[in-house]
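A look at the structure
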Amino acid sequence: MRLPVKVVPRAPHDEIVGVMADGTLKVHVTAAPVDGAANRAVRQVLARALAIKPENVEIVRGETARRKLLRVNGLTAAEVHARLGLTV
């Protein structure tokens, strides 16, 4: 399943904030966007929320951008939406 995400680095807490009007998931991470730290943090936050290993969350597009496209391996779209509490 592919998931569009907007990352806000240097936030006070690591958390999934919610879904933006365009359907993009907004994620805050405390890590700075230096040497891939924010990317690792967003993978950790999503993996924890989905109860999967961080290795199962990969960045498909947007390595250096705030807007990213992530692939969640091992779960269906319905499972991802249910675990994140999103409506389809």
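Above this text is the structure in question.
Below, the structure is looked at part by part. (Residues numbered from 1 in each chain as written. Predicted model: local features only at pLDDT ≥ 70, side-chain atom pairs only at ≥ 80, totals over all residues. Heavy atoms only, no water.)

A closer look at the layout of surface pockets
Taken as a whole, the largest pocket encloses approximately 180 Å³ of empty space. Around the largest pocket, the lining comprises 13 residues; the ones closest to its centre are Pro33, Glu63, Thr64, Ala65 and Lys68. (1 Å grid on protein atoms, 1.4 Å probe; cavity = no way out; pocket = protein on both sides within 12 Å on 5 of 7 lines; lining within 4 Å. Points joined across faces, edges and corners; volume = space filled by probe spheres on them.)

Quick notes on the nonpolar core
Counting residues in hydrophobic clusters, the biggest one holds 22 residues, and the most contacted among them are Val5, Leu25, Val27, Val29, Leu46, Leu50 and Ile52. Going through the elements one at a time, strand E1 (2-8), strand E3 (25-28), helix H1 (37-50), strand E4 (57-61), strand E5 (67-72) and helix H2 (77-84) are the ones with two or more residues in this core. A per-element tally of this core places H1 first, with seven residues. Once you skip the residues sitting within four places of it in the chain, leucine 46 turns out to touch Leu3, Val5, Ile16, Leu25, Val57 and Leu70. (Core = buried A, V, L, I, M, F, W, Y, C linked by side-chain atoms within 4.5 Å. Buried < 20%, exposed > 50% of the residue type's maximum accessible area, 1.4 Å probe, protein only. Helix = DSSP H or I, 4+ residues; strand = E, 2+ residues; numbered from the N terminus. Contact = heavy atoms within 4.5 Å.)

Side note on the sheet that holds strand E2 (residues 15-19)
Pairing is mixed in the open sheet, where five strands are placed in the order E2-E3-E1-E5-E4. Pairing within the sheet leaves two strands with one partner each, and these edge strands are E2 and E4. The average undirected angle you get between the axes of adjacent strands in this sheet is 40 degrees. Bridge count for E1 against E5 is five bridges, and the pairing is antiparallel. Note on E5: the bridge partner recorded for valine 5 is lysine 68. Strands in contact with H1 are E1, E2, E3, E4 and E5; relative to E4, the strand with the most contacts, it is inclined by about 130 degrees. (Pairing = 2+ DSSP bridges. Axes fitted to C-alpha atoms, helices over the stretch in contact; angles between N-to-C directions.)

Notes on unusual backbone geometry
The backbone phi angle of arginine 10 is positive, close to 55 degrees, even though this residue is not glycine. Mapped onto the elements, arginine 10 comes out in the loop between E1 and E2. Overall, the relative accessible area of 59% leaves arginine 10 in the exposed class. Look at alanine 51: it is not a glycine, yet its phi comes out positive at around 60 degrees. Within the secondary structure, alanine 51 sits in the loop between H1 and E4.

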